[in-house]
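# Working through the structure, step by step
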Amino acid sequence: MTNLRIGVMYDRDWVPEELPAFARRAEALGADDLWVVEDLRWNGGVSAAAVALGATKRLRVGIGIAPAPLRSPALLAMELATLARVFPGRLVAGIGHGVREWMEQVGVAPRSPLALLEETITAVRALLHGERVTVDGREVRIDGIELVHPPAEPPPLVAGVVRPRSLELSGRVADGTLIAEGHGPRDLVHIRALLAKGGACDGHTLNVFAFACVGDDPEEVARTLHPHTEGHGAWLGRPQEEVFTVSGDAAGAAARIDALRESGADTVVLRFVGAEPLRQMEAVLEAARR
């Protein structure tokens, strides 16, 4: 699968103390990426990324995603700059709206999520590039801030978004887009069109999360996936059977990854469900290489 990166998600329900060993094993198996999650009440995304980066030598680590309302853009830029300087070329920073209900729970829900995301990504990028930043926006206020230690190699900023207007925004201001689980090849064609409408350049990357379950028993695979695809289908507003997964035996799962590549994915990040996720990962990587 030429030019496609295949990664694995460290699921939010897995305990943080097991992340270092998981990351080292994923790296040894040949995974290109490991992505960590930041959902309210689970693990911190920036700290989890630091743990994974520190435990490995070459693995690229993605944050998927840091909710824009939870941090000042200045603080987020400081944290990302530290990781980018210590681990150059190995970080991808995802930024998104955050779940509205969760942001309301902690009193940071913005008046305009679109304005906040655009202003945050724009300010963080400028700070990471060593610029002195002043912003007087609808949601963001920064007065003459410049990082003392900006990274020599700023990490790409990708927007974790779903809806059409947000996808257009991502095409306009982000280096790439992070697509949630459940989106298949036909979705990616439509998403690419919306990104282009927003002004995405040729280098704008499409990073796709996908539920994954690999096994030789189709009924067992379906049973394992069922609660995940059912809940996610409701969230996406589509029937459960239309929730795309990377599933089946190893060859079938690899073929579904390739279908995403052919539809425009640059990176596919597998969110494994069921027993022995790294064994499943190994089987998929071997099939993909063949």
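Residues numbered from 1 in each chain as written. Predicted model: local features only at pLDDT ≥ 70, side-chain atom pairs only at ≥ 80, totals over all residues. Heavy atoms only, no water.

Another point: the overall build of the chain. Within the chain one finds 10 helices and 11 strands. Taken over the C-alpha atoms alone, the chain extends approximately 60 × 40 × 40 Å along its principal axes. Counting the 290 residues in the chain, one finds 53% classified as buried. Of the contacts formed within the chain by residues at least 6 apart in sequence, a portion of 72% connects residues at least 24 apart. Each charge class in the chain can be summarised by its mean position, and for the 31 positive and 39 negative side chains these summaries are 3 Å apart. (Helix = DSSP H or I, 4+ residues; strand = E, 2+ residues; numbered from the N terminus. Buried < 20%, exposed > 50% of the residue type's maximum accessible area, 1.4 Å probe, protein only. Contact = heavy atoms within 4.5 Å. Lys, Arg positive; Asp, Glu negative; His and termini not counted. Charge placed at Lys NZ, Arg CZ, Asp CG, Glu CD.)

Here the focus is the nonpolar core. Side chains of nonpolar character tend, in soluble globular proteins, to be buried together. Core analysis: the biggest nonpolar cluster contains 79 residues, and Leu34, Leu80, Val246 and Leu270 have the highest contact counts within it. If one sorts the elements of this core by residue count, helix α5 (residues 113-128) sits on top with 9 residues. Once residues lying within four places of it in the same chain are set aside, the contact partners of Leu34 are Val8, Tyr10, Leu19, Phe22, Ala23, Ala52, Leu59, Arg60, Val61 and Gly62. By size, the runner-up hydrophobic cluster in this structure holds 9 residues, among which are Val92, Val158, Phe209 and Val269. (Core = buried A, V, L, I, M, F, W, Y, C linked by side-chain atoms within 4.5 Å.)

Direction vectors running N to C along α5 and helix α6 (residues 164-173) enclose 15°, while the axes themselves pass 11 Å from each other. The angle between α5 and α6 places the two elements in the roughly parallel class. In the packing of α5 onto α6, the handedness of the crossing is right-handed. Counting all contacts with α5, which are made through Leu114, Leu117, Glu118, Ile121, Thr122 and Arg125, the residues of α6 involved are Arg165, Ser166, Leu169, Arg172 and Val173. Each residue belonging to the contact of α5 with α6 can be placed in one class, and the counts come to 5 nonpolar, 2 polar and 4 charged. (Axes fitted to C-alpha atoms, helices over the stretch in contact; angles between N-to-C directions. Parallel < 35°, antiparallel > 145°, perpendicular 65-115°, else oblique. Left-handed = near helix turned anticlockwise from the far one by under 90°. Nonpolar A, V, L, I, M, F, W, Y, C, P; charged D, E, K, R; others polar.)

Right, let's get into the layout of surface pockets. Within this model, the largest pocket holds a volume of roughly 1500 Å³. Residue lining of the largest pocket: 48 residues in total, with Val99, Gly160, Val162, Ala180 and Trp235 positioned closest to the centre. At the level of elements, β3 (60-67), α4 (100-105), α5, α6, β8 (176-179), α7 (185-198), β9 (205-214) and α8 (218-236) are the ones that each hand at least two residues to the lining of the largest pocket. Top contributing element to the lining of the largest pocket by residue count: α8, with 6 residues. Residues of the lining of the largest pocket, tallied by class, amount to 25 nonpolar, 10 polar and 13 charged. (1 Å grid on protein atoms, 1.4 Å probe; cavity = no way out; pocket = protein on both sides within 12 Å on 5 of 7 lines; lining within 4 Å. Points joined across faces, edges and corners; volume = space filled by probe spheres on them.)

What follows deals with α7. Under the 1.5 Å per step criterion, the end-to-end length of α7 is 20 Å for 14 residues, consistent within 8% with the ideal 20 Å. For α7, the complete set of buried residues consists of Leu188, Ile191, Leu194, Leu195 and Gly198. Take α7 and look down its axis: the buried residues cluster within an arc of 120°, on one side only. When the buried face of α7 is taken as reference, the exposed residues oriented beyond 90 degrees from it are Arg186, Val189, His190, Ala196 and Lys197. A positive backbone phi angle near 110° is found at Gly199, which sits one or two residues after α7. (Expected span 1.5 Å × (residues − 1). Arc of directions from axis to C-beta.)

We now examine empty space enclosed by the protein. Taken as a whole and assessed by the stated rule, the structure comprises 1 cavity of 30 Å³ or more. Volume-wise, the largest cavity comes out at about 40 Å³. As for the largest cavity, its lining consists of Ala66, Pro67, Ala68, Arg71, Ser72, Pro73, Leu76 and Thr120. Of all the elements in the fold, those that place two or more residues in the lining of the largest cavity are β3 and α3 (73-86). Looking at the lining of the largest cavity, its residues break down into 5 nonpolar, 2 polar and 1 charged.

Right, let's talk about the UniProt feature "domain: Luciferase-like" (unreviewed entry) in the chain for a bit. Per the UniProt record, the feature "domain: Luciferase-like" (unreviewed entry) sits at residues 15-253. The distance separating the terminal C-alpha atoms of residues 15-253 is 26 Å; by composition the span is 44% helix and 21% strand. (UniProt positions renumbered as here; feature names shortened; annotations may be inferred.)

In this section: the pattern of salt bridges. In this structure the tally under the stated criterion is 19 salt bridges. Asp33 is the partner of Arg5 in a salt bridge, and the nearest nitrogen-oxygen pair spans 2.8 Å. Here the residue Arg5 occupies a position in strand β1 (residues 5-9), and Asp33 occupies one in strand β2 (residues 33-36), the gap between them amounting to 28 residues. Residues Asp258 and Arg261 are paired through a salt bridge, measuring 2.6 Å at the closest nitrogen-oxygen approach. With Asp258 and Arg261 both in helix α9 (residues 250-262) and 3 residues apart, this pair spans about one turn of that helix. Here Arg261 falls in the partly exposed class, since its relative accessible area comes to 28%. (Salt bridge = Lys/Arg side-chain N within 4 Å of Asp/Glu carboxyl O.)

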